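Take a look at the letters that make up each chain.
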Amino acid sequence: MPSHGIRDKVAIVGMGCTTFGEHWDASADDLVLEAVRAACASGGVSDVEVDAYWLSTLASGNSGLALSRPLRLPYKPVTRVENYCAGGSDALRNACYAVASGAYDTAMAVGVEKLKDSGMSGLSAPAVPGDGTEPDLTAPAAFSLLAQAYGHKYGLADGTLRDVLDRIAWKNHANGALNPRAHFRRAVSRETLRKAPRVAGELGVFDCSGVSDGAAAALVVRAEDAYRYTDRPLFVKALALAVGPATGTADPEYDFTSFPEVRRSAADAYRQAGITDPGAELALAEVHDCFTVTELVLMEDLGFAPPGEAWRAALDGAFDRDGALPVNPDGGLKAFGHPIGASGLRMLFECWLQLRGEAPQERALSASALGRGLALTHNLGGGPGECLSFVSVVGVEPPAPATRHHTSAVTGTA
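Residues numbered from 1 in each chain as written. Predicted model: local features only at pLDDT ≥ 70, side-chain atom pairs only at ≥ 80, totals over all residues. Heavy atoms only, no water.

*Asks:* Could you clarify how one ought to interpret the side chain of D225 in this entry?
*Replies:* For D225, the location among the structural elements is in the loop between β7 (213–222) and β8 (234–243). A distance of 2.9 Å separates a polar atom in the side chain of D225 from a polar atom in the side chain of R222. (Helix = DSSP H or I, 4+ residues; strand = E, 2+ residues; numbered from the N terminus. Polar contact = N/O pair within 3.5 Å; in protein donor to acceptor, adjacent residues only side chain to side chain.)

*Asks:* Quick question: what am I supposed to make of the nonpolar core here?
*Replies:* Nonpolar side chains in soluble globular proteins tend to end up buried together. In terms of nonpolar packing, the biggest core is built from 52 residues, with F143, F259, V287, L296, L302, F304 and L376 touching the most fellow members. If you tally residues by element for this core, the top one is helix α4 (residues 139–153), at six residues. Excluding its chain neighbours within four sequence positions, the residues that come into contact with L376 are Y270, L282, L284, A285, E286, V287, L302, F304, C351, V391, S392 and V393. Counting 44 residues, the second-largest nonpolar core is a separate cluster that includes I6, A98, A107 and F349. (Core = buried A, V, L, I, M, F, W, Y, C linked by side-chain atoms within 4.5 Å. Buried < 20%, exposed > 50% of the residue type's maximum accessible area, 1.4 Å probe, protein only. Contact = heavy atoms within 4.5 Å.)

*Asks:* Can you help me understand helix α12 (residues 343–355) in this one?
*Replies:* Between its first and last C-alpha, α12 extends 19 Å over 13 residues, near the 18 Å set by a 1.5 Å rise per residue. Most of α12 is tucked away: 13 of the 13 residues are buried. Looking one or two places after α12, you find G357, whose phi comes out positive at around 70°. (Expected span 1.5 Å × (residues − 1).)

*Asks:* Explanation requested: the pairing of strand β2 (residues 52–56) in the structure shown.
*Replies:* Remember that side chains alternate between the two faces of the sheet whenever the strand is regular. Within β2, five of the five residues are buried, which leaves it mostly tucked inside the rest of the structure. With four bridges connecting them, β2 and strand β3 (residues 78–81) associate as parallel partners. Within β3, the position partnered with Y53 by the bridge is V78. For the crossover from β2 across helix α2 (residues 65–71) to β3, the handedness is right-handed. (Pairing = 2+ DSSP bridges. Right-handed = clockwise from strand over helix to strand, strands pointing away.)

*Asks:* Please explain the sheet that holds β3 as it appears in this structure.
*Replies:* Each strand in a sheet pairs with its neighbour through backbone hydrogen bonds, running either in the same direction (parallel) or in the opposite one (antiparallel). Within the open sheet, the nine strands sit side by side as β3-β2-β4-β7-β1-β8-β11-β10-β9. Their pairing is mixed. This sheet does not close on itself; its edge strands, each paired only once, are β3 and β9 (284–286). The mean inter-strand angle of the sheet, taken between neighbouring strand axes irrespective of direction, is 25°. With eight bridges joining them, β8 and strand β11 (residues 386–395) adopt antiparallel strand pairing. For L241, the partnering residue across the bridge sits in β11 and is F390. The strands touched by helix α7 (residues 260–273) are β8, β10 (374–383) and β11; relative to β8, the strand with the most contacts, the crossing angle is about 150°. (Axes fitted to C-alpha atoms, helices over the stretch in contact; angles between N-to-C directions.)

*Asks:* What am I meant to see in the environment of F256 here?
*Replies:* Assignment of secondary structure puts F256 in the loop between β8 and α7. A relative accessible area of 18% places F256 in the buried class. A sequence separation of 141 residues divides F256 from L115, and the C-alpha atoms of the two residues are 29 Å apart. Aside from chain neighbours lying at most four places away, what touches F256 is L145, L146, A149 and P384.

*Asks:* Please clarify how a negative patch on the surface should be interpreted in this entry.
*Replies:* A cluster of acidic residues, D25, D29, D30 and E34, forms a negative patch at the surface. Looking at where D29 falls in the secondary structure, it is placed in helix α1 (residues 28–43). (Patch = residues over 30% accessible without salt bridge, like charges linked within 9 Å, V, L, I, M, F, W, Y side chains within 5 Å. Areas by Shrake-Rupley, 256 points an atom, 1.4 Å probe, with all protein chains shown as cover. Salt bridge = Lys/Arg side-chain N within 4 Å of Asp/Glu carboxyl O. Lys, Arg positive; Asp, Glu negative; His and termini not counted. Charge placed at Lys NZ, Arg CZ, Asp CG, Glu CD.)

*Asks:* What am I meant to see in the pairing of β11 here?
*Replies:* By the criterion of burial, β11 is predominantly enclosed, with nine of the 10 residues buried. Pairing geometry for β10 and β11, over 10 bridges, is antiparallel. Directly across from G381, in β11, lies its bridge partner L388. Connecting β10 to the antiparallel partner β11 that follows it, the hairpin turn spans two residues, and G385 within it adopts a positive phi of roughly 90°.

*Asks:* Could you clarify how one ought to interpret the packing of aromatic side chains in this entry?
*Replies:* Working definition: an aromatic ring pair is given by the centre-to-centre distance plus the angle between the planes. The tally for this structure, following the rule as stated, stands at seven aromatic pairs. Between F20 and F336, the ring centres sit 5.3 Å apart and the planes meet at 85°, which makes this aromatic pair edge-to-face. Residue F20 is located in the loop between β1 (10–17) and α1, and its partner F336 is located in helix α11 (residues 332–336); the two are separated by 316 residues in the primary sequence. In terms of burial, F20 and F336 fall into one category: buried. Seen from their ring centres, Y254 and F256 are 4.7 Å apart, and the 55° between their planes marks the pair as tilted. Members of the aromatic cluster, joined through ring pairs, are F143, F259 and F291. The residue whose ring lies beneath R190 is W170, and the NZ or CZ to ring-centre distance is 4.6 Å. Taking the ring centre of W352 as reference, the NZ or CZ of R356 above it sits at 3.7 Å. (Phe/Tyr/Trp six-rings, centres within 6.5 Å; stacked < 30°, edge-to-face > 60°. Lys NZ or Arg CZ within 6 Å of the ring centre and 35° of its normal.)

*Asks:* Explanation requested: the pattern of salt bridges in the structure shown.
*Replies:* Close approach of charged atoms allows side chains of opposite charge to pair. Tallied over the full model, the rule gives 26 salt bridges. For D207, the salt bridge goes to R162, with nearest N and O atoms at 2.8 Å. One end of the pair, D207, is in the loop between β6 (203–204) and β7; the other, R162, is in helix α5 (residues 158–176), and 45 residues separate them in sequence. We classify D207 as buried; its relative accessible area is 2%. Among the ionic pairs, R232 bridges to D231, the shortest N-O distance being 3.8 Å. R232 gets classed as partly exposed once you look at its relative accessible area, which sits at 32%. What makes D231 partly exposed here is its relative accessible area of 42%. Three or more residues are tied together by salt bridges with common partners; here these are D105, R222, E224, D225 and R228.

In short, shape yes, function no, at least from these values alone.
Structure below.
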């Protein structure tokens, strides 16, 4: 049975986001404090006024104590959430459900990760016990299978596929160069991209997201209370999570050109939000570009391009900041890196800035795009054939007047 959704029952009224990067001079506690304090300030509350917290981190803390300790919270309920790369988004999902159910008036989702302290050059995940039959692939190797399969299925010559992947990397790095919160703030030339050393298969250094530290937080309240905190809330239109059976790598029918979990979660989210044409109805999309080829495949799985056509749309600039549907206008994982627990909420923060008109002029989307009033975030956890997918849709349009109790700001700051 599909989810019923909580469309327009919950609003986001405050957000905070640190810079992402190599924070050698800051601990995970420091990053949490910065993000939570910023979210509280924008919502006009103190941390002790928040009724409950959900904290996402993969490896930078255990239990709710990882949040209650740095905040010195007086006996608040704090739940630690871990759902791979979608952990931050799942923390938001849980906080929203808690408020929508009436259990709490206010809740906060927080995500943090200090990967640079792990001593590893990539994802630091504890080994899961198994029977020894699982394939031993690095993340770049696993995702490189997408590039080979996509090119073969749709008849792209190696040079054309390389142009597509470079175009995606060029776009996201150009966007990140304008974003003061991004880890990598430098545009990269096409020539540099093409000459970059290969990491696995068709994937080169600039096709892979970086290793970063960061934190982000979102304050959630009931929709009817939203205008008591800010005059520009974002209303939650959809929250959809799909976790696959993890049989793709052993399924001879799986062809590595799509993520069925993404298609399922997207369809659920669009149904909840009442979206029938995402490419025309969304102002922007923040998607999980852990690798450039992942973004390419996601454009089709999320319904932004027909199967086999996303590569043309990418080359034509359809997903540029000034394109038909801006994708990753903040720079995405390519420019921010990927602190696992924080990335989903970082994506939401870009939607917060853009839809509220708070993005600086050099990064602001066009008025025609923002006039659509809806934004999407997407997280992917795991790898091809065995993954989970989260999709959210948020918007500036409030619920119907009959369900609104407040029509103007009462307290707090915008």
